[in-house]
Amino acid sequence: MSERRIDAVAKATGASKYTADVVLEGMAYAAVKRSDFPSALIENIDTSIAEKMEGVLGVFTAKDLPVKTNLYGRRVFDVPILADGRVRRVGDPIAAVVGTSREIAEAAAELIEIDYKELPAVTTAREAIKSGAPLVHERPWEYDGAVVTPDSGSNIQSIDTHGSLEASEAALRNAVHIVDEIYTTPGDHQGYIEPQSCVVDYQNDGTLTVWATNKSPYRLRDVLATVFSLDPKKIEVMPTILGGDFGGKGAPGDAPLCTALSMLMKRPIKMTLRYGEDLLSTDGRHGSEIRVRLGIDGEGKLLGGIMEALLDGGAYAGFKPVPTVNLHGIVDAAIAYRIPEFFVESKIVYTNNQPKGHMRAPGSPQAAFAFESAIDELGRRSGMGPVKIREVNLLSDGDVNPYGDTWIEHRGKEVLALATSQPNNLQVPKGWLYGEGVAVYARSMAAVPKTSLRLRRGQGGKIIAEVPIPENGAGGQTVVREMLRSGLGLSADQVEVKQVSTSLLPTDAGVGGSRVSLGVTVAVANAIKLWKQLPADQDLVEVTTTEGSDGPSGAYSVQLARVAVDPATGQLKVLEIISAVDVAEIVNEKAHQMQIDGGTVMGFGFAVMEDLLEDDGRVWALSMGDFKIPNVADIPTLTTVLLRGGRGVGPNNIKAVGELTNCPTAAAIANAVADATGARLRKLPIKAEAIYWAMKEGNAR
Amino acid sequence: MKITFNLNGKGMELDVDPMSLALDVIRGLSLTGTKEGCGVGVCGACTIMVNGSPVSSCICLVGTLSDKDVWTIEGLAEKMPELIDSFVEKEGMQCGICTPGQIVAAAAIDSVGASSPEDIKKYMAGNLCRCTGYQTILSAVEEYVAIN
Amino acid sequence: MQSTDTEFLIPTSVGEALQAIAKEDAIFLGGGTSTALLYKTRLIEPSRVVWLGNVNELKGIRISASEVRIGAMTSVAEIAADSEIARLLPGLSSAAGVIGNARVRAMATLGGALAHADPRQDIPPALIAVDAKASIRSLSSTREVSLAEFYAGFLETVLDPDELVTEVVIPITSNRRSAYLRYTPTSEGDYPTVGVGSSLTFADDGKTVSAAKIILCGVGAVPIIAAQAAQALIGTTADESVLRNAAALVRGAIDPQDDERGTADYKTEMSEVFTYRCLRLCLGN
């Protein structure tokens, strides 16, 4: 049995310090005036009234910034710190106010008058790719890190493809049954409860100290070094506890702006977003429109598939960190299946909407909703049924997946069997329709541990492990403690794990991509090995690991949703979600289970309620009163069944779990609604009203 | 204006703008366990206990705390160690940002007398958690209610 | 906060409170849930806030043989928790139990809820259905206004700036049954897509409906009183076809708007469904 998580007492007593809790001597507070228009030229900025307000220490616009470049980004540097002459979305920061209190800075920001000249805006991805559409950026290929060229087409951020369209089309022509449908999902927000915040302290000697709600401290350091021409060694990103990230909080956020303000004001600057500002101005999940074509032969075997995804990247590409500037979850959509010819295109476009970035398993929830709905439709239409069509086509050991990889094992069929064979003890409300739906998700994984770690001896035989990873709640630091404890034969209280600031360890890739447990295990295992060989007169081990050791491998999760629908209203009650999960060894059972449950609830929210309500170039869900995430009374019964005994990766033989259960949920629910009512919902979120009209408009079985 | 109230069992007299938010005043006293989340009374991260009832400190003007008995997570952690123990033992948390609010809400559950699992769910529905899927939080509250 | 020039007064009697409100841009403050939000987002800038939390005569529930009187500063949670209210006024009890979340219910007061006049609020339909009246005082006058006539428009009431709702008076009628039902299909604690309060009063035979009320929230700028629909119940024995017919008649009374809780068309359909279900609830099933 694993012992309880290391941060439990501090968090339960309110003692844990988050970024918003940091207060420095002489600190001033920043707030920004944001664009009111999706696309406009800034003709004049009048800061005179704001400047006169009591307590205002300074008001700054783009021209004042002490930067080498006004642009930053995670990969593509196309995000302005402050808008310079042009705004590209509602919420672009235009001017910053520094005041003696947060409230003064916010009130003063409202007093800044902007004269705009409105420009035509593109507010849907579909419009944006039409030739002749207004251009969000005139020359996007000129940005550092851009992957587009002048020939890429209008408003393209990136296009990622796999397979042959012609071969897939040819394969589909031989199909006995085909499905060809379009699925859409809305812009979403990570829904972390802690709004983004940062505190920056620049000193005259050129040192910069940063506290930020940021899960990639080393990357943040490097971006700040680039933007401000600073020596990375003089930038210290401090340890912090994250109040949830769920894929967000990887971008620099307001740290570049606050760095500039700290340089200008010669004092520490703090900026904490109000939740509504966070909903408006940060980078959530891409809205998508995904066309899926699949075809099977007379025996039900998939012959070919084509998936064309169009994603709304919003005004900036700079929030996507990977080299493709795309979302690999889209391209990987068919990873669980044997499909001789599969073509996928993921096209992400610029619009004058909120820019989008990463949210828990980037691209996968959208792709899984589309693909797993489509295969379900095909199963039902062909008479095979939704379970059989998956049984026939899921990969087996030794099979090559559509991307040419052969995983060390495939347990999708066993996981599917587990999900579909659980007892049913549910009470269906009288008169309601009942249905079940299944969906499969698989995710590749390998231990890719770009990280570092230091062990030192503390007092009384204690071992202190210094790690570079911020604790985002998933329990990464507890995992480190568990491994050291068992690897070195110590008790839990003999191991102390703490995050240290960026100068004290060489590197880390940040939290994300389900990589913490996998990557860190390699580093910890190496450290344990070295520690055991340590001469008695030494007490320090430092390891840096950059290469993975195993793979390719992956894990499956299959969910079965049991739902009831009120035929008179369309009201949907998701009664139960069974999550069957493919696991190897588990380092910490409780943390593992919470990742499964929390992921499932997030998938449930994506399926039935979450929506930024983006329309006409604006986010309309600007408070948690309108941007709904699931509460405890909303959620279904959560049942988990683990298929243990899998072959994992890394020295501890584990499979990542953090992004497994939020991906299949929406399709499982949509498939269950179709089972219950005959109505097929191809647009998220699936709300009662949509079900009602779908049933009423003759679609019922 | 001088506002007097009991905070975590001790008498307080503060010279503050009564139109300040209780959240800001409390955090200004270095009691930063009370968190700002949604800012509109929905998420529950800023929950404090006022005369035994749960209150959203982000939409509570501090003037309305006059003569009241106010508790924050810091005070409750000392006053109700068994409640903290329930959350620690059941690991009713991950990132922890909602945790103080969850615990303060649980501390005030007697104000509505919720005891069945359904009543507990309905009562706790005002405290959002994005990490855990709620199962460990529910177990912690249920355990606390059961031993009380 | 941003301003320090708002006066904050804490009267201990209604008389003092009414004296205190006699200033331009002065406002009363009850639980403060709505006022604090409006103030912190700089939508209101009152010159003076008259907080009623220490006016004890405005608090509490008093029940006699003929009426229930609820002080304006009684919290929604107290109303929801009162077992006599649950017995005598099940519609009100259930409306008070479903608003927002536990914190809102603990903080919000009856008087504040009425004065705020958000047409999505649950309590007004429940109260209008049982013929509730608001007792209103100012320095110069005292009046009673039926809650059916209390709402003047979106976020507007018939109250003058110097007037205060001191209590709500609900007559107790034998043979009257009431219910409240709301529809929040997306998330618990959301504002309702539609809410319906209704009451049925029976003649001495215990079967014939002698009076009926149907009031809806969330489907107009004010609580909607569906008089024609209610009229269709009177003189009947409220059997299935009568209920269905009455429910269909609410369509003509409402004026819903499209929003994230439903299109106007859907709200119209749901108004009928939930009126029918609320009437069934009045009948005990």
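Residues numbered from 1 in each chain as written. Chains lettered and ligands numbered in written order. Predicted model: local features only at pLDDT ≥ 70, side-chain atom pairs only at ≥ 80, totals over all residues. Heavy atoms only, no water.

> Please explain the overall build of chain A as it appears in this structure.
From N to C terminus, chain A includes 17 helices and 27 strands. For 701 residues, the compact-globule estimate of 2.2 N^0.38 gives 27 Å, and the C-alpha radius of gyration of chain A, at 26 Å, lies within 12% of that figure. Projected onto its principal axes, the C-alpha positions of chain A cover 75 × 70 × 50 Å. For chain A, buried positions account for 65% of its 701 residues. (Helix = DSSP H or I, 4+ residues; strand = E, 2+ residues; numbered from the N terminus. Rg over C-alpha atoms; globule rule 2.2 N^0.38 Å. Buried < 20%, exposed > 50% of the residue type's maximum accessible area, 1.4 Å probe, protein only.)

> Help me understand the domain arrangement of chain A, please; the structure alone is not making it clear to me.
Note: interface size is frequently given as the accessible area lost on complex formation between the parts. Residue and element names in this part refer to chain A. According to the domain assignment, chain A consists of domain 1 (11-119 + 196-272), domain 2 (287-446 + 551-699) and domain 3 (447-545). Contact with domain 1, which involves 17 residues of that partner, is made by 18 residues of domain 3. Both sides together, the interface formed by domain 1 and domain 3 hides about 1400 Å², and carbon and sulfur atoms give 49% of it. If you sort the residues of domain 1 by the area they bury against domain 3, Lys215, Tyr218 and Pro239 come out on top, with a joint share of 42%. In this structure, the connection of domain 1 to domain 3 is made through zero salt bridges. On inspection of domain 1 and its partner domain 3, the count reaches nine residue pairs in polar contact (both at pLDDT 80 or more). Breaking the side of domain 1 that touches domain 3 down by element, the ones donating at least two residues are α6 (217-228) and β13 (235-237). Split by residue class, the side of domain 1 that touches domain 3 holds eight nonpolar, four polar and five charged. (Domains from an automatic or database assignment. Contact = heavy atoms within 4.5 Å. Buried area = accessible area lost by both parts, 1.4 Å probe. Salt bridge = Lys/Arg side-chain N within 4 Å of Asp/Glu carboxyl O. Polar contact = N/O pair within 3.5 Å; in protein donor to acceptor, adjacent residues only side chain to side chain. Nonpolar A, V, L, I, M, F, W, Y, C, P; charged D, E, K, R; others polar.)

> I'm lost on the interface of chain A and chain B in this one. Help?
The partner chain B presents 40 residues to the 54 residues of chain A that form the contact. Between chain A and chain B the total buried area reaches about 3700 Å² when both faces are included, carbon and sulfur atoms providing 60% of it. Interface area lost by chain A to chain B is led by Ile193(A), Met594(A) and Val632(A), which between them contribute 19%. Applying the counting rule to chain A against chain B returns six salt bridges. A salt bridge links Glu36(B) to Arg274(A), with the nearest nitrogen and oxygen atoms 3.0 Å apart.

> Would you explain the pattern of salt bridges in this entry?
Where charged atoms of side chains with opposite charge meet at close range, the side chains can pair. For the structure shown, the criterion picks out 73 salt bridges over all chains. Of the charged contacts in the structure, one is a salt bridge between Glu542(A) and Arg454(A), with a shortest N-O distance of 3.1 Å. With Glu542(A) in strand β22 (residues 540-545) and Arg454(A) in strand β19 (residues 451-457), this pair connects stretches of sequence that are 88 residues apart. Assessed through its relative accessible area of 10%, Arg454(A) is described here as buried. Across the pair Glu240(C) and Arg280(C) runs a salt bridge whose closest N-O atoms are separated by 3.2 Å. Placement of the pair is Glu240(C) in helix α10 (residues 240-249) and Arg280(C) in helix α11 (residues 264-282), with a sequence separation of 40 residues. Taking the relative accessible area as the measure of exposure, Glu240(C) reaches 37% and is therefore partly exposed. Through salt bridges with shared partners, one network takes in Glu181(A), Glu372(A), Asp376(A), Glu377(A), Arg380(A), Arg381(A), Arg390(A), Asp675(A), Arg680(A) and Arg682(A).

> Would you explain α6(A) in this entry?
Each α-helix winds once per 3.6 residues, and so residues spaced three or four apart point in a common direction. Residue and element names in this part refer to chain A. The end-to-end C-alpha separation of α6 is 16 Å, in line with the 16 Å expected for 12 residues at 1.5 Å each. With nine of 12 residues buried, α6 lies mostly within the body of the structure. Taken residue by residue, α6 has Pro217, Tyr218, Leu220, Arg221, Val223, Leu224, Ala225, Val227 and Phe228 as its buried positions. Next to the buried residues of α6 lie β4 (71-72), β12 (208-212), β13, α7 (255-265) and β21 (495-499). Positive backbone phi, at 50°, marks serine 229, one or two positions downstream of α6. (Expected span 1.5 Å × (residues − 1).)

> Sorry, what's going on with the pairing of strand β3 (residues 48-51) of chain C here?
On a regular strand, one side chain projects to one face of the sheet and the next to the other, so that they alternate. Residues and elements named next belong to chain C. Residues of β3 alternate between two faces, with Arg48 and Val50 on one and Val49 and Trp51 on the opposite face, all of them buried. In this structure, strand β1 (residues 7-9) lies alongside β3, joined through three bridges in parallel fashion. Along β3, the bridge assignment pairs glutamate 7 with arginine 48. In this view, the connection linking strand β2 (residues 26-29) to its parallel neighbour β3 by way of helix α2 (residues 33-40) has right-handed handedness. (Pairing = 2+ DSSP bridges. Right-handed = clockwise from strand over helix to strand, strands pointing away.)

> Honestly, the sheet that holds β3(C) in this entry has me stumped. Any pointers?
All names here are of chain C. Reading across the sheet, the three strands line up as β1-β3-β2 and stay open at both edges, with parallel pairing between neighbours. Edge strands, defined here as strands with exactly one partner in the open sheet, are β1 and β2. Put simply, the sheet's adjacent strands are angled 20° from each other on average, direction ignored. (Axes fitted to C-alpha atoms, helices over the stretch in contact; angles between N-to-C directions.)

> What is the right way to look at the packing of helix α5 (residues 117-124) of chain B against helix α6 (residues 135-147) of chain B in this model?
The geometry of a pair of packed helices is captured by two quantities: the angle between their axes and the separation between those axes. Residues and elements named next belong to chain B. Direction vectors running N to C along α5 and α6 enclose 120°, while the axes themselves pass 11 Å from each other. When the interaxial angle is binned, α5 and α6 end up oblique. In this structure, α5 meets α6 at a crossing whose hand is right-handed. Across the interface between the two elements, Pro117, Ile120, Lys121 and Met124 of α5 pack against Leu138, Val141, Glu142 and Val145 of α6. When the residues that make up the contact of α5 with α6 are grouped by side-chain class, the tally is six nonpolar, no polar and two charged. (Parallel < 35°, antiparallel > 145°, perpendicular 65-115°, else oblique. Left-handed = near helix turned anticlockwise from the far one by under 90°.)

> Mind showing me how you'd approach the sheet that holds strand β8 (residues 113-118) of chain A here?
Whether parallel or antiparallel, the strands of a sheet pair through hydrogen bonds between backbone atoms. All names here are of chain A. Reading across the sheet, the three strands line up as β6-β2-β8 and stay open at both edges, with antiparallel pairing between neighbours. Edge positions in the open sheet fall to β6 (86-87) and β8, since each of these has one partner strand only. Summarising the sheet, strand β2 (residues 40-46) and β8 pair through six bridges and their orientation is antiparallel. By the bridge assignment for β8, asparagine 44 is matched with aspartate 115.

> Looking at this structure, how should I read the interface of chain A and chain C?
Contacts between the two partners involve 23 residues from chain A and, on the opposite side, 22 residues from chain C. Interface of chain A and chain C: buried area, both sides summed, is about 1800 Å²; carbon and sulfur atoms make up 50% of it. Among the residues of chain A in contact with chain C, Thr569(A), Lys628(A) and Glu689(A) are the three that bury the most area, contributing 25% of the side total. Seen at the junction of chain A and chain C, the total is four salt bridges. Taking the shortest distance from any N to any O, the salt bridge between Asp626(A) and Arg261(C) comes out at 3.2 Å.

> For this particular structure, what's the right way to read the nonpolar core?
Nonpolar side chains in soluble globular proteins tend to be buried together. Formed by 137 residues in total, the largest nonpolar core has its most connected members in Met307(A), Phe371(A), Leu572(A) and Ile669(A). For Phe371(A), the contacting residues outside a window of four places in its chain are Val292(A), Leu294(A), Met307(A), Ala333(A), Ala334(A), Tyr337(A), Ile339(A) and Phe342(A). (Core = buried A, V, L, I, M, F, W, Y, C linked by side-chain atoms within 4.5 Å.)

> Which parts of the structure should I look at to understand the domain arrangement of chain C?
All names here are of chain C. Structurally, chain C comprises domain 1 (7-51), domain 2 (56-171) and domain 3 (176-282). On a C-alpha basis, the centres of domain 2 and domain 3 stand 20 Å from each other. Taken together, the 26 residues of domain 2 in the interface contact 22 residues of domain 3. Each partner contributes to the roughly 1900 Å² buried at the junction of domain 2 and domain 3, and carbon and sulfur atoms together form 59% of this total. Across the contact surface, domain 2 and domain 3 share two salt bridges. Note that lysine 213 is salt-bridged to aspartate 131, the shortest N-O span being 2.4 Å. Counting every contact that joins domain 2 to domain 3 gives 10 residue pairs in polar contact (both at pLDDT 80 or more). Counting residues per element, the ones that place at least two in the side of domain 2 that touches domain 3 are α5 (90-98), α8 (123-128), β8 (151-153) and β10 (164-171). Its residues assigned to classes, the side of domain 2 that touches domain 3 shows 17 nonpolar, five polar and four charged.

> What is the right way to read unusual backbone geometry from this model?
The phi angle of most residues is negative, glycine excepted, and most peptide bonds adopt the trans form. For the peptide bond that leads from Leu684(A) to Pro685(A), omega is -10°, which places it in the cis range. Along the chain, Pro685(A) falls in the loop between α16 (665-677) and α17 (688-699). One non-glycine residue, Asp616(A), lies in positive phi territory at about 60°. Locating Asp616(A) in the fold gives a position in the loop between β25 (614-615) and β26 (618-619). One non-glycine residue, Tyr134(B), lies in positive phi territory at about 75°. Relative to the helices and strands, Tyr134(B) is located in the loop between α5 and α6.

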